[in-house]
Amino acid sequence: MATLLLSTLLILLLWRLSRWAFVALVNAARTLPQPVVGFGRWTSRHPLRAWLQRRFPRVYAALAARLEPRRFEGLPLTLLVVAAVYAAALFGGLIQELREAAGLIAFDNAAREFFQPWREGAPLEFFLWFTALGDTATLTAVALTATGLLWSQRATQYLLPLWVTIVGANTTTWIGKVTIGRPRPDFITAATALSSSFPSGHATGAAAVYGFIAYTIARRRSGAAARFDVAYWAVVLIGLVGFSRIFLSVHYASDVAGGFLVGGFWLLVGFTLAEWRNNRVAR
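Residues numbered from 1 in each chain as written. Predicted model: local features only at pLDDT ≥ 70, side-chain atom pairs only at ≥ 80, totals over all residues. Heavy atoms only, no water.

*Asks:* Could you give me a rundown of the overall build of the protein chain, with the residues and numbers involved?
*Replies:* What the protein chain contains, in helices and strands, is twelve helices and zero strands. Along the chain direction, N to C, the helices and strands of the protein chain fall in the order α-α-α-α-α-α-α-α-α-α-α-α. Long-range contacts, defined here as pairs at least 24 residues apart, represent 75% of the contacts in the protein chain between residues at least 6 apart. For the protein chain, the accessible surface area stands at approximately 16400 Å², while carbon and sulfur atoms represent 69% of it. (Helix = DSSP H or I, 4+ residues; strand = E, 2+ residues; numbered from the N terminus. Contact = heavy atoms within 4.5 Å. Areas by Shrake-Rupley, 256 points an atom, 1.4 Å probe, with all protein chains shown as cover.)

*Asks:* Let's hear about unusual backbone geometry: which residues, and what values?
*Replies:* Backbone torsion omega between phenylalanine 198 and proline 199 reads -10°, so that peptide bond is classified as cis. Here proline 199 shows up in the loop between helix 9 (159-180) and helix 10 (201-219). Residue serine 249 is not a glycine yet carries a positive backbone phi of 60°. Take serine 249: it is sitting in the loop between helix 11 (224-247) and helix 12 (253-282).

*Asks:* Talk me through helix 6 (residues 102-114); I want residue IDs and the actual numbers.
*Replies:* Residue pairs spaced three or four apart in an α-helix point in one direction, given the helix's 3.6 residues per turn. Under the 1.5 Å per step criterion, the end-to-end length of helix 6 is 18 Å for 13 residues, consistent within 8% with the ideal 18 Å. By the burial criterion, the buried members of helix 6 are Leu104, Asp108, Ala111 and Arg112. Down the axis of helix 6, the smallest arc covering the buried residues is 100°, so these residues share one side. Exposed and oriented more than 90 degrees from the buried face of helix 6 are Ala102, Gly103 and Phe114. (Expected span 1.5 Å × (residues − 1). Buried < 20%, exposed > 50% of the residue type's maximum accessible area, 1.4 Å probe, protein only. Arc of directions from axis to C-beta.)

*Asks:* Talk me through the nonpolar core; I want residue IDs and the actual numbers.
*Replies:* The biggest cluster of nonpolar side chains holds 26 residues, and the ones touching the most others in it are Leu150, Tyr158, Val209, Tyr210, Phe212, Tyr215 and Phe271. Of all the elements, helix 10 adds the most residues to this core, at seven residues. Filtering out sequence-adjacent residues up to four positions away, phenylalanine 271 remains in contact with Leu80, Gly211, Phe212 and Tyr215. (Core = buried A, V, L, I, M, F, W, Y, C linked by side-chain atoms within 4.5 Å.)

*Asks:* Tell me about a nonpolar patch on the surface, residues and numbers included.
*Replies:* Together, Leu6, Leu10, Leu13 and Leu17 make up an exposed nonpolar region whose accessible area comes to about 410 Å². Its place among the elements puts leucine 17 in helix 1 (residues 2-29). (Patch = residues over 30% accessible without salt bridge, like charges linked within 9 Å, V, L, I, M, F, W, Y side chains within 5 Å. Salt bridge = Lys/Arg side-chain N within 4 Å of Asp/Glu carboxyl O.)

*Asks:* Describe helix 9, listing the residues and the values that go with them.
*Replies:* Over its 22 residues, helix 9 extends 32 Å from the first C-alpha to the last, a length consistent with the 32 Å expected when each residue adds 1.5 Å. Considered for burial, the residues of helix 9 that qualify are Leu159, Pro161, Leu162, Thr165, Ile166, Gly168, Ala169, Thr173, Gly176 and Lys177. Positive backbone phi, at 60°, marks glycine 181, one or two positions downstream of helix 9.

*Asks:* Could you give an account of the environment of leucine 4, with specific residues and numbers?
*Replies:* Relative to the helices and strands, leucine 4 resides in helix 1. On the accessibility criterion, leucine 4 (19% relative accessible area) is buried. Discounting chain neighbours no more than four positions away, the residues touching leucine 4 are Ala122, Pro123 and Phe126.

*Asks:* An account of the environment of tyrosine 210 is needed here, citing residue identities and associated values.
*Replies:* Inspection of the secondary structure puts tyrosine 210 in helix 10. Expressed as a C-alpha distance, the spacing of tyrosine 210 and alanine 234, which sit 24 residues apart in the sequence, is 6.5 Å. With sequence-adjacent residues up to four places away left out, tyrosine 210 is seen in contact with Leu133, Thr138, Leu139, Val142, Gly205, Ala234, Leu237 and Ile238.

*Asks:* Hey, could you go over the packing of aromatic side chains for me, with residue numbers and the actual values?
*Replies:* Under the defined criterion, the tally for this structure stands at 20 aromatic pairs. Relative to phenylalanine 243, the ring of phenylalanine 127 has its centre 5.2 Å away and its plane inclined at 65°; by these criteria the two rings are edge-to-face. One end of the pair, phenylalanine 127, is in helix 7 (residues 121-131); the other, phenylalanine 243, is in helix 11, and 116 residues separate them in sequence. Here tyrosine 215 and phenylalanine 271 contribute two aromatic rings whose centre-to-centre distance is 4.6 Å and whose plane-to-plane angle is 35°, an arrangement assigned as tilted. Separated by 56 residues along the polypeptide, tyrosine 215 in helix 10 and phenylalanine 271 in helix 12 bring together distant segments of the chain. The class of tyrosine 215 is buried, set by a relative accessible area of 13%. Classification of phenylalanine 271 by relative accessible area gives buried; the value is 19%. Aromatic ring contacts, followed pair by pair, group Phe114, Phe115, Trp118, Phe126, Phe127, Trp129, Phe130, Phe243 and Phe247 into a single cluster. Residue placement shows arginine 16 over the ring face of tryptophan 15; its charged tip is 5.1 Å from the ring centre. One cation-aromatic arrangement involves lysine 177 over tryptophan 174; the distance from NZ or CZ to the ring centre is 5.7 Å. (Phe/Tyr/Trp six-rings, centres within 6.5 Å; stacked < 30°, edge-to-face > 60°. Lys NZ or Arg CZ within 6 Å of the ring centre and 35° of its normal.)

Dropping the structure here:
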C-alpha cells in the first residue's frame with residue numbers, strides 16, 4: 001500500500017512540474033513571432049536559398065510547401081508523417097532485436113523477476129483491476145460509447161479516424177502475434193491469456209482507444225494547460241494499462257513497448273486523417 005501511495009504522489013508531482021514547464025514553454029513561444037519574421041527575411045535574402053530557388057524551382061517549391069507552418073498540408077503534416085515513419089522503424093528494430101539480441105531477452109526476464117516481491121496484496125489487486133481497462137470487451141464498450149457521444153455532438157469528422165485507428169492497431173497487433181509467435185512468460189498470478197506474447201494487445205488497444213479519445217477532448221478545449229492535462233492523464237492511464245501487463249507477468253517489457261509503438265503509429269494515422277477532415281470542414 002505504501003508503494004502505491006508513493007507512486008501516486010510521484011505521478012501528481014510530475015504532473016504539476018511538467019504542466020508548469022509546458023505552460024511556460026508555450027508562453028515563451030508566443031514572444032517569438034517578431035524574431036522569427038526577422039529570421040525569415042534574412043533567409044529570403046540568403047544566397048544559398050536564392051540559388052536553390054533559381055536552380056531547382058520545383059524542388060524548392062516542394063520543400064517550401066512541406067515546411068509551411070500555417071497550413072496543415074505543410075509542416076504539421078510533414079511532422080506527423082516523419083513521426084509515424086519513425087515509430088514504424090522503431091517497431092521493426094524491436095522485432096529485429098527480439099530475433100537476434102540476447103540482451104533484450106535478458107532485460108525482459110530481469111524486469112519480470114524484479115516485480116516478483118510486490119505481486120501480492122493491494123498492488124496485485126490494483127493491477128488486476130487496472131489491466132481490465134485494456135481488455136477487448138472494455139475497449140470495445142469505450143469505443144462504442146465514444147462513437148455515440150461524437151455522433152450526438154455532431155463531431156462526425158472524428159468517427160472515421162477513430163475506427164481507422166482502432167481497426168488498424170488491432171489488425172497489426174494480431175498479424176504480429178501470428179507471424180512472430182513469441183511464447184508468453186510463465187503465468188504466476190490470476191491473470192492469464194491465450195494468444196502469443198508480442199506485441200501486447202492491451203498496450204496497443206489502450207494507446208489507440210484512450211489516446212484518440214483524449215485527442216478529441218483536447219482538440220475541442222482551449223488553453224495550453226487544459227490540453228496538457230488531458231494529454232498527461234491519458235498517458236498515465238495508457239502507461240498503467242501497459243505496466244499492469246508486465247507486473248502481472250502476462251507480457252514481457254518489450255511486448256508492451258511494441259504495443260505502444262503499434263498503437264502510437266496508428267494514433268498518428270488517425271490524427272492525420274482527423275486533422276485533414278477538420279481542415280476540409282473549416283474550408
